[in-house]
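Observations on chain architecture
Here are the chains, one letter per residue:
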Amino acid sequence: MAEKGVKVFGMWASPMVIRVEWALRLKGVEYEYVDEDLANKSADLLRYNPVTKKVPVLVHGGKPIAESTIIVEYIDEAWKGGHPIMPADPYERAQARFWARYAEDKCNAALYPIFTTTGEAQREVVREAQRCLKTLEAALEGRRFFGGDAVGYLDIVVGWLAHWLPVIEEVSGASVVTDEELPLMKAWFGRFLAVDAVRAALPDRDRLLAANKARREQLLSSA
Ligand SMILES: N[C@@H](CCC(=O)N[C@@H](CS)C(=O)NCC(=O)O)C(=O)O
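This structure is a prediction, so every number in the text was calculated from the model and none was measured. (Residues numbered from 1 in each chain as written. Predicted model: local features only at pLDDT ≥ 70, side-chain atom pairs only at ≥ 80, totals over all residues. Heavy atoms only, no water.)

Another aspect to go through is the environment of Ala138. Within the secondary structure layout, Ala138 lies in the loop between α5 (119-137) and α6 (153-158). Separated by 107 residues in the primary sequence, Ala138 and Tyr31 place their C-alpha atoms 35 Å from one another. (Helix = DSSP H or I, 4+ residues; strand = E, 2+ residues; numbered from the N terminus.)

Here you go:
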């Protein structure tokens, strides 16, 4: 049974929505999940997030919160017990937020064109994405997880890479996170995906693969 009044509006293939599900699962909070058709958004979604009209939206006790990273921080504050998500130390918290911003602003922008390019253009995009991820990888130095010994805020924010990136690599024929180029990141992929709360929320790989294949074909044919 979902805890009274905890609802997530999402879309099954979204790498942003899963952050919210991971945070709730790590806290042991049960929730009701509503899958949206983003081409035909529900009246509830538009009412709860009239500004950006995007998922995820968390509704807690009737009150909506939007933006995945803000929702993850909210969950940590609203359910203080259980698995801690944000680092306890203010400096560590600032560092986690810094790297999360870097990953969102720089790495996601560097990764996206892999999907829409081929040949030499794609190889250059891959090199740039690897440079970006290499910089991010430094935050893993000497740690099992970005959060230290356990999954934390930054793991949740960049965790989508572990499940989505291999799918994007397969669909686009590119190789980004390899043992040679990004060994710490590659090893972390395995450790992160082995965490029960993480694994339990993952979308089916074959379904994700089919959806991404169709999307790439559509993007390449309209380029
Ligand atoms: N910065 C937002 C991004 C959310 C986002 O881009 N959501 C996508 C799905 S992954 C969406 O709702 N797209 C529908 C639209 O743009 O209308 C977050 O982290 O929550």
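Taken together, the four bridges between strand β1 (residues 6-10) and strand β2 (residues 32-35) define a ladder with parallel strand orientation. Across the sheet, the residue bridging to Lys7 is Glu32, located in β2. Following the backbone out of β1, through helix α1 (residues 17-27) and into the adjacent parallel β2, one traces a crossover that is right-handed. (Pairing = 2+ DSSP bridges. Right-handed = clockwise from strand over helix to strand, strands pointing away.)

Another aspect to go through is the sheet that holds strand β4 (residues 63-66). Read from one edge of the open sheet, four strands run β2-β1-β3-β4, paired in mixed fashion. On the outer flanks of this sheet lie β2 and β4, each paired with one strand and no other. Between one strand axis and the next, the sheet turns by 20 degrees as a mean value, whatever way the strands run. α1 contacts β1, β2 and β3 (57-60) of the sheet and is inclined by roughly 155 degrees relative to β1. (Axes fitted to C-alpha atoms, helices over the stretch in contact; angles between N-to-C directions. Contact = heavy atoms within 4.5 Å.)

This part takes up the domain arrangement of the chain. One frequently used descriptor of interface size is the decrease in accessible area upon assembly of the parts. When cut into domains, the chain gives domain 1 (6-78) and domain 2 (90-221). Taken over C-alpha atoms, the centre of domain 1 sits 21 Å from the centre of domain 2. In this complex, domain 1 contributes 15 residues to the contact, which on the side of domain 2 involves 20 residues. Carbon and sulfur atoms supply 71% of the area that domain 1 and domain 2 bury against each other, a total of about 1,700 Å² over both sides. Its largest share of buried area at the contact with domain 2, domain 1 owes to Trp12, Arg19 and Trp22, together 43% of the area lost on that side. Taken together, the connections running from domain 1 to domain 2 amount to two salt bridges. (Domains from an automatic or database assignment. Buried area = accessible area lost by both parts, 1.4 Å probe. Salt bridge = Lys/Arg side-chain N within 4 Å of Asp/Glu carboxyl O.)

We now examine the pattern of salt bridges. Under the criterion given, the structure shown has 13 salt bridges. The salt bridge partner of Arg19 is Glu104, with a shortest N-O separation of 2.6 Å. Highlighted residues: Arg19 in helix α1 and Glu104 in helix α4 (residues 90-111), separated in sequence by 85 residues. Its relative accessible area of 0% is what places Arg19 among the buried residues. As a salt-bridge pair, Arg205 and Glu170 come within 3.1 Å of each other at their nearest N and O atoms. Linking Arg205 in helix α10 (residues 205-221) with Glu170 in helix α7 (residues 160-172), this pair joins segments that are 35 residues apart in sequence. In this structure Arg205 comes out as partly exposed when scored by relative accessible area, which is 31%. Accessibility expressed as a relative area gives 48% for Glu170, which makes it partly exposed. (Buried < 20%, exposed > 50% of the residue type's maximum accessible area, 1.4 Å probe, protein only.)

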